[in-house]
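Now for the letters of each chain:
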Amino acid sequence: MKKRCFALFLALIFALALLPTGAFAKSDGTNGDWSAKTVSLRNTAEAELMVRVGDIDALNEEYAIEDGYDPFTARSQRSHGYPWEKDDADPAGTDRIYVGSHWSGDASDGYGGNYQGWKEYPEDEWYSSCAFGDGAALITMDYDASGISVKNALLQICIDDFQALSWDSEFSVTLNGKDAPFIAELLNQVDQTGPTSYITSAIIPSGFFAEIASGKLVIAIDERTGCGDGFAVDFVKLLVNYKQDVFTGSFSGHTEPGATVRLLGTSTTVTASASGGFTFEAVPGLNAVRASKDGYVESYAYGIVVSDKGGTGDEDELWEPWLDLDEGQGRADIDFSQFGSTAAWENAHSWAKPELEEGAALGLIPDCLQGADLTAPITRAEFAAVSVKLYEALSGTPAEPVAVNPFTDTDDPEVLKAFNIGVTNGMSDTTFEPDTLINREQAATMLTRVYKRLNLEGWTLETDGSFKDAFKALFTMPALFADDGEISSWAKDSVYFMAANGIVNGVGDNCFAPKLVSSGEETLNFATREQALLMSVRTVKNLG
Ligand SMILES: [Ca+2]
Ligand SMILES: [Ca+2]
Ligand SMILES: [Ca+2]
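Residues numbered from 1 in each chain as written. Chains lettered and ligands numbered in written order. Predicted model: local features only at pLDDT ≥ 70, side-chain atom pairs only at ≥ 80, totals over all residues.

1. Focus: the overall build of the protein
A tally of helices and strands in the protein yields 13 helices and 19 strands. Relative to the globule expectation of 24 Å for 544 residues, the C-alpha radius of gyration of the protein, 27 Å, shows essentially globular dimensions. Seen through its principal axes, the protein has C-alpha atoms that stretch 85 × 55 × 45 Å. Taking all 544 residues of the protein together, 46% fall into the buried category. Residue pairs in contact within the protein that sit at least 24 positions apart in sequence constitute 74% of those at least 6 positions apart. (Helix = DSSP H or I, 4+ residues; strand = E, 2+ residues; numbered from the N terminus. Rg over C-alpha atoms; globule rule 2.2 N^0.38 Å. Buried ≥ 20, exposed ≤ 12 C-beta atoms within 10 Å, placed from the backbone. Contact = placed C-beta atoms within 7 Å.)

Here it is, written out as structure tokens:
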């Protein structure tokens, strides 16, 4: 170890001789000054709020950035020396070697050996100058979240030397004391022999949004077996109300045909094709996937996903996971519904909640319906917002509002986007009637238009009628609803298209209940907000 340190020292002297200019300053619009210990930025290209704790410096590696260390592209990253000199200004939990609170006194790896030496020789000048931390790595994010309504959150942890696959270590993660196994699973399915630090990214479920909105998030990373697998964190970065284009990397892999494949750290799943292929969009960095199928034991794979941006990538080998599944009894995957916000769906029927939670993860819940009474009827303006979210999810393209607003009764940007993408009209040339309620056949028709808009070349609202045959070729007519005679002729194709694709169900007795009826005091058969959202969620799941 002393020998290693001396070699490192020599290497450092050599590096200093070659590069006498000192540390390399780097700053950018989405991360701020890389050398800053804590940074908080509003309205970056990535998110409404970005908070970072810990400098971006590959664990105090002075020349890392100059040498090309860029964890955000994950391109051509190289290993760094260890242990490293401590910087007392580095925020707690970052740039220090940890072995966790259950440490048994043994070491599994080099980091563990360094930590052991520090514990055994507390007076040793050299050990004292290096960076170690006792117990769990506790990283505290303190930030101003005022005025922000949390719609989604992405937590990025730049991790180093997590080696659960080599040493059978078991990492745990909590957020403000609440168990976060959807982050821990990532740390437990990678093997960072190197050591090279890489970003891992986890989409935070809505049950944690109140914690995110509180302005204080304590991330605790611990190891449960005490095996002495040393680990470190370069920095953590929180993106609140992030944009989908932070997923600038992608990868494709192979597994059992029809298997369910999930991107770890997220609840996002895809179904492997008939030939076993699958593709994900991912945040650049260290990623992992889980493949599972009834009658098979689940399997995991991990690898580096590099950004599509910033470089030719010729020097990087693209990760192409291959997950063979053995026949047998697999274990259940994480049930993400347990991390769903109860508050967000307080005013929804219990049968709708699991799919609403999926909708939230897919970004399909518009702002105007966040926290709203979802059992209430949906207005035309709200429905326009649902349609825009569906369009953006299916197309991967943000919708833009129409440049000149033709309506005198609304300036709602979601209405103007829905109008611009051509999936809704006004009630007249100058009125939209934003508060008018809609019925179920109108809802089915309007969401079907989003699908037509994206799948029938040349389709517009005005030419809808002439696409009748082309559209009918896209689905097989299912059994008729018992109240088929009640469904308006212009709505039938859409209603049955949605029924054929499992997007709408009957309301009982095989009836679709297409339009408004009055029953004494009550008016029935308005489309409710949750019904509209579930149609949108199923459209993405079944047709996206
Ligand atoms: Ca540092
Ligand atoms: Ca390790
Ligand atoms: Ca750092």
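Structure shown, so let's carry the discussion forward.
2. Quick look at unusual backbone geometry
Look at the link from Y82 to P83: it is a cis peptide, with omega at -15°. With phi around 60°, A74 is a residue other than glycine that occupies positive phi space. Within the secondary structure layout, A74 lies in the loop between strand 4 (47-53) and helix 2 (110-120). For A74, a count of 21 C-beta atoms within 10 Å corresponds to the buried category. The backbone of E433 shows a phi angle near 55°, a positive value even though the residue is not glycine. Residue placement: E433 occurs in the loop between helix 9 (413-420) and helix 10 (440-455).

3. Observations concerning helix 10
With 16 residues, helix 10 should cover 22 Å at 1.5 Å per step; its first-to-last C-alpha distance of 23 Å lies within 8% of that length. Of all the 16 residues making up helix 10, 13 are buried; the element is thus mostly covered by neighbouring parts of the structure. (Expected span 1.5 Å × (residues − 1).)

4. Observations regarding the packing of helix 8 (residues 380-395) against helix 13 (residues 529-543)
Running from N to C, helix 8 and helix 13 cross one another at 10°; their axes reach a closest spacing of 10 Å. Judged by the angle between their axes, helix 8 and helix 13 are roughly parallel. When helix 8 is examined against helix 13, the residues E382, F383, V386, K389, L390, A393 and L394 are found in contact with a partner set consisting of R529, A532, L533, S536, T539 and V540. (Axes fitted to C-alpha atoms, helices over the stretch in contact; angles between N-to-C directions. Parallel < 35°, antiparallel > 145°, perpendicular 65-115°, else oblique.)

5. A short note on the sheet that holds strand 13 (residues 260-263)
Spatially, 4 strands are ordered 14-13-16-17 in an open sheet, and the strand pairing comes out antiparallel. The strands lining the two open edges of the sheet, one partner per strand, are strand 14 (269-271) and strand 17 (299-305). Neighbour-to-neighbour, the strand axes of the sheet open up by a mean angle of 25°, direction not taken into account. In terms of strand pairing, strand 16 (residues 285-292) meets strand 17 through 7 bridges, oriented antiparallel. Residue A288 lies in a different strand from strand 17, and its bridge partner there is Y302. (Pairing = 2+ DSSP bridges.)

6. Overview of the pairing of strand 16
The buried count for strand 16 comes to 8 of 8 residues, which makes it a mostly enclosed element. Where strand 13 and strand 16 come together, 4 bridges link them in antiparallel fashion. Bridging across to strand 16, R262 finds its partner in R290. Where strand 16 hands over to strand 17, the hairpin turn is made up of 6 residues, of which G295 adopts a positive phi near 85°.

7. Let's talk about the packing of helix 10 against helix 13
At their nearest, the axes of helix 10 and helix 13 sit 11 Å apart, and the two run at 35° to each other. Seen along the crossing, helix 10 lies across helix 13 with a hand that is right-handed. Across the interface between the two elements, R440, A443, A444, L447 and Y451 from helix 10 touch Q531, A532, M535, S536, T539 and L543 from helix 13. For the contact of helix 10 with helix 13, the class distribution of residues is 7 nonpolar, 3 polar and 1 charged. (Left-handed = near helix turned anticlockwise from the far one by under 90°. Nonpolar A, V, L, I, M, F, W, Y, C, P; charged D, E, K, R; others polar.)

8. Observations regarding the domain arrangement of the protein
By domain assignment, the protein separates into domain 1 (25-246), domain 2 (255-327) and domain 3 (343-543). Distance between the C-alpha centres of domain 2 and domain 3: 32 Å. (Domains from an automatic or database assignment.)

9. Considering the sheet that holds strand 9 (residues 198-203)
Hydrogen bonds between backbone atoms are what pair the strands of a sheet, whose relative direction is either parallel or antiparallel. Across the sheet, which stays open at both edges, the 5 strands sit in the order 3-4-11-6-9 with antiparallel pairing between neighbours. In the strand order of this sheet, the two ends are held by strand 3 (38-42) and strand 9, each with one partner. Strand after strand, the sheet turns through a mean of 15° between neighbouring axes, direction not considered.

10. Focus: the pairing of strand 15 (residues 277-282)
Only one face of strand 15 is covered, namely the face carrying F278, F280 and A282; the face carrying G277, T279 and E281 is uncovered. As paired elements, strand 12 (residues 249-254) and strand 15 share 6 bridges and run antiparallel to each other. Bridge pairing links S250 to E281 in strand 15.

11. Quick word on helix 7 (residues 353-361)
Residues of helix 7 that are buried include every one of L356, E357, E358, G359 and A360, and no others. Tucked into the core, helix 7 has its buried residues touching helix 13. Backbone geometry just after helix 7 places G363 at a positive phi near 75°.

12. Remarks on the confidence of the model for the protein
Mean pLDDT over the protein works out to 90, with 92% of the residues at or above the 70 mark. In the predicted structure, residues 16-22 sits below a pLDDT of 50 and forms 2 contacts with residues beyond four places in sequence or in another chain. (pLDDT = per-residue confidence, 0-100.)

13. Here we look at the environment of K119
Checked against the element boundaries, K119 lands in helix 2. As a C-alpha pair, K119 and G105 span 14 residues in sequence and 9.0 Å in three-dimensional space.

14. Overview of the environment of T248
The topology assignment puts T248 in the loop between strand 11 (232-242) and strand 12. On the neighbour-count criterion, T248 (18 C-beta atoms within 10 Å) is partly exposed. Once the C-alpha coordinates of T248 and V306 are considered, the two residues, 58 residues apart in sequence, prove to be 8.2 Å apart. Not counting residues up to four positions away in its chain, the partners in contact with T248 are P284, S307, D308 and K309.

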